[in-house]
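Commentary on secondary and tertiary structure
Residue strings, one per chain:
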Amino acid sequence: MSRRHLTTLRSIIAAWGERKRFRWELEQMSKDNPHLIDDIGLTRRQVEAEIAKPFWRR
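Now for a description of the structure that goes with this document. Bear in mind that the values here come from a model prediction, so they are computed numbers and not experimental data. (Residues numbered from 1 in each chain as written. Predicted model: local features only at pLDDT ≥ 70, side-chain atom pairs only at ≥ 80, totals over all residues. Heavy atoms only, no water.)

Take a nonpolar patch on the surface next. On the surface, Met1, Leu6, Leu9, Ile12, Ile13, Trp16, Phe55 and Trp56 cluster together to form a nonpolar patch covering roughly 800 Å² of accessible area. By the secondary structure assignment, isoleucine 13 is in helix H1 (residues 3-32). (Patch = residues over 30% accessible without salt bridge, like charges linked within 9 Å, V, L, I, M, F, W, Y side chains within 5 Å. Areas by Shrake-Rupley, 256 points an atom, 1.4 Å probe, with all protein chains shown as cover. Salt bridge = Lys/Arg side-chain N within 4 Å of Asp/Glu carboxyl O. Helix = DSSP H or I, 4+ residues; strand = E, 2+ residues; numbered from the N terminus.)

So, in structure tokens, the structure goes:
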């Protein structure tokens, strides 16, 4: 595997980790501080849809 392919692979894996972490934090926020969801301009339905996505989906 070339160096460029490894760099691309690392970038993809990093993005997956960020999405997974973001969705976990969003879920925690919706449980612990649901009023903050309104503050960031999301609806409950939008939050549920985002949380339900697998880590590889944008």
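Anyway, onward from the coordinates.
On to the side chain of glutamate 50. With respect to the secondary-structure elements, glutamate 50 resides in helix H3 (residues 44-52). Within polar-contact distance, the side chain of glutamate 50 engages the side chain of lysine 53 at 3.2 Å. (Polar contact = N/O pair within 3.5 Å; in protein donor to acceptor, adjacent residues only side chain to side chain.)

The next point concerns the environment of leucine 36. With respect to the helices, strands and loops of the structure, leucine 36 is situated in helix H2 (residues 34-39). Along the primary structure leucine 36 and glycine 17 are separated by 19 residues, whereas in three dimensions their C-alpha atoms are 23 Å apart.

On to the packing of aromatic side chains. In this structure the tally under the stated criterion is two aromatic pairs. Ring geometry for tryptophan 16 versus phenylalanine 55: centroids 5.2 Å apart, planes at 70°, classification edge-to-face. With a gap of 39 residues between them, tryptophan 16 in helix H1 and phenylalanine 55 in the segment after H3 connect regions that are remote in the sequence. Seen in terms of ring centroids, phenylalanine 55 and tryptophan 56 are 5.1 Å apart; in terms of plane orientation they differ by 85°. Their pairing is edge-to-face. Through a chain of ring-to-ring contacts, three or more aromatic side chains come together here, namely Trp16, Phe55 and Trp56. (Phe/Tyr/Trp six-rings, centres within 6.5 Å; stacked < 30°, edge-to-face > 60°.)

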